[in-house]
Amino acid sequence: MSIELDPTPDTISSMSGQVGDLSPFQEKSLAQFRANLQDVLSALPNANDSFLLRWLRAQRFDLQKSEDMLRKHMEFRKQQDLDNILAWEPPEVVKLYSASSICGHDREGSPIWYHIATGLDVKGLFLSVSKQDLLREKLRNCELLLHQCELQTQKLGKKVEKITAVFDLEGLSLRHLWKPGVELAQEFLSALEANYPEILKHVIIVRPPSLFAVAFSLIKSYMNEETRRKVMILGDNWKQELTKFISPDQLPVEFGGTMTDPDGNPKCLTKINYGGEVPKSYHLCKQVRMQYEHTVTVGRGSSQQVENEILFPGCVLRWQFASDGGDIGFGVFLKTKMGERQRAGEMTEVLPSQRYNAHLVPEDGSLACLKAGVYVLRFDNTYSLVHSKHISYTVEVLLPDQTFMEKVEKF
């Protein structure tokens, strides 16, 4: 069983060189769009009618919005040097541990882009390469996918313009919700929507944990409505469901198909990157620079409490903090009485308090809230009778997407 919201059917013809059944209004708009862009079309690779229609359809044939979108893309291409990005080699650590791969084709001949959550070491990658290199590798994949579409068009004699993305979310955990990593995903989705319109056919989710509802809520606003409608969640029989989209010979045995490595490995390790923990030998820095929203001074022999109300179970509490002046104690508690301050011993301890060397390495963490209530993040300096501590911190409450939470809970 799969759950999906089907996008509007694409009317593009299957024959190479044709753009499908266009209404008189759409044909006129296409001709006018091309005329409006004569000054830049020569600088675009493969600026044929099918390419131009992607931008028109993304803006519902609004000529001015479509032109603005494409001209902004031209600037983006220059900034990112996309015309030469396929010749760029990502850093070795990204090649080995990105947990992202292009492998095989779906039943309509479109290339498939795999993303594997289990082995993705987000923090390890951030400590080893720049965020720009991580983003650039994703943009390189987008250009590579478009190149694969062109090759498939020539090979099959029919227009191949879109791709299928498969997200295996087994093992998705709170470590994947680390703020810098989520911000990178948001930035990439924004770039994808703005610069690669109408290239997604399906976004297939397999083995999603309940935490997926929270993760999706963090990125859904960076996806347009059409993209969100292409997201589908496969149920317990996901391997069988996948073969409806992908022929078994194009699908690794690990995902329910018959494809193997030459040595018979069912995971197809020569084709799909499953990531893994990034060895510390690749780390170039000890910490990722963070920006904090609040500061507070915790006096000597005292503590400071930060309250966060959780309205319903399933939310995630996420924090980052650094201290100046020495280490700091930190723990999370659940209040037992509303409307009044409680001492630590009067509350329910949720995350045991311990001392963190946050003056040396900033601390980050998260907590899945199983109950509703007021959760207290407590900075503890009661053990220090001499030194005050200055704390910089950010605290967020991550809400699950209710629609997807209901879907995930069915499995």
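The structure we're discussing is the one just above.
Here is what the cut-offs are and how they apply
Residues numbered from 1 in each chain as written. Predicted model: local features only at pLDDT ≥ 70, side-chain atom pairs only at ≥ 80, totals over all residues. Heavy atoms only, no water. 1 Å grid on protein atoms, 1.4 Å probe; cavity = no way out; pocket = protein on both sides within 12 Å on 5 of 7 lines; lining within 4 Å. Points joined across faces, edges and corners; volume = space filled by probe spheres on them. Helix = DSSP H or I, 4+ residues; strand = E, 2+ residues; numbered from the N terminus. Buried < 20%, exposed > 50% of the residue type's maximum accessible area, 1.4 Å probe, protein only. Polar contact = N/O pair within 3.5 Å; in protein donor to acceptor, adjacent residues only side chain to side chain. Contact = heavy atoms within 4.5 Å. Phe/Tyr/Trp six-rings, centres within 6.5 Å; stacked < 30°, edge-to-face > 60°. Lys NZ or Arg CZ within 6 Å of the ring centre and 35° of its normal.

Got a minute to help me understand empty space enclosed by the protein in this structure?
Empty space left among the atoms is revealed by rolling a probe the size of a water molecule over them. Applying the stated criterion to the full structure yields two cavities of 30 Å³ or more. The computed volume of the largest cavity comes to approximately 970 Å³. Lining the largest cavity are 40 residues, with His115, Leu120, Lys138, Phe167 and Ala185 sitting closest to its centre. Among the elements of the structure, strand S3 (111–116), helix H5 (122–126), helix H6 (131–156), strand S4 (163–168), helix H7 (179–195), strand S5 (200–206) and helix H8 (212–219) are those that each provide at least two residues to the lining of the largest cavity. Among the elements that make up the lining of the largest cavity, the one with the highest residue count is H7 (eight residues).

What's the story with unusual backbone geometry in this structure? I'm lost.
Despite not being glycine, Glu198 shows a phi value in the positive range, around 60°. Take Glu198: it is sitting in the loop between H7 and S5. A relative accessible area of 21% places Glu198 in the partly exposed class. In this structure, Arg207 is a non-glycine residue whose phi angle is positive, near 55°.

Sorry, what's going on with the side chain of Ser217 here?
Position of Ser217 relative to the elements: it lies in helix H8. Polar side-chain contacts of Ser217 include one of 2.6 Å to the backbone oxygen of Val214. Contacts of Ser217, omitting those with residues within four sequence positions, involve Leu399, Pro400 and Asp401.

Would you mind showing me how to read the packing of aromatic side chains here?
Two measures describe an aromatic ring pair: the distance that separates the ring centres and the angle between the ring planes. For the structure on display, the rule yields 15 aromatic pairs. Note on Phe379 and Tyr393: the rings are 5.6 Å apart at their centroids and 45° apart in plane angle, and the pair reads as tilted. One end of the pair, Phe379, is in strand S13 (residues 373–380); the other, Tyr393, is in strand S14 (residues 389–398), and 14 residues separate them in sequence. Each of the two residues, Phe379 as well as Tyr393, counts as buried. Among the aromatic side chains, those forming a connected cluster through ring pairs are Trp319, Phe321, Phe330, Tyr356, Phe379 and Tyr393. Taking the ring centre of Trp88 as reference, the NZ or CZ of Arg136 above it sits at 5.1 Å. Its end group placed over the ring of Tyr383, Arg355 keeps NZ or CZ at 3.8 Å from the ring centre.

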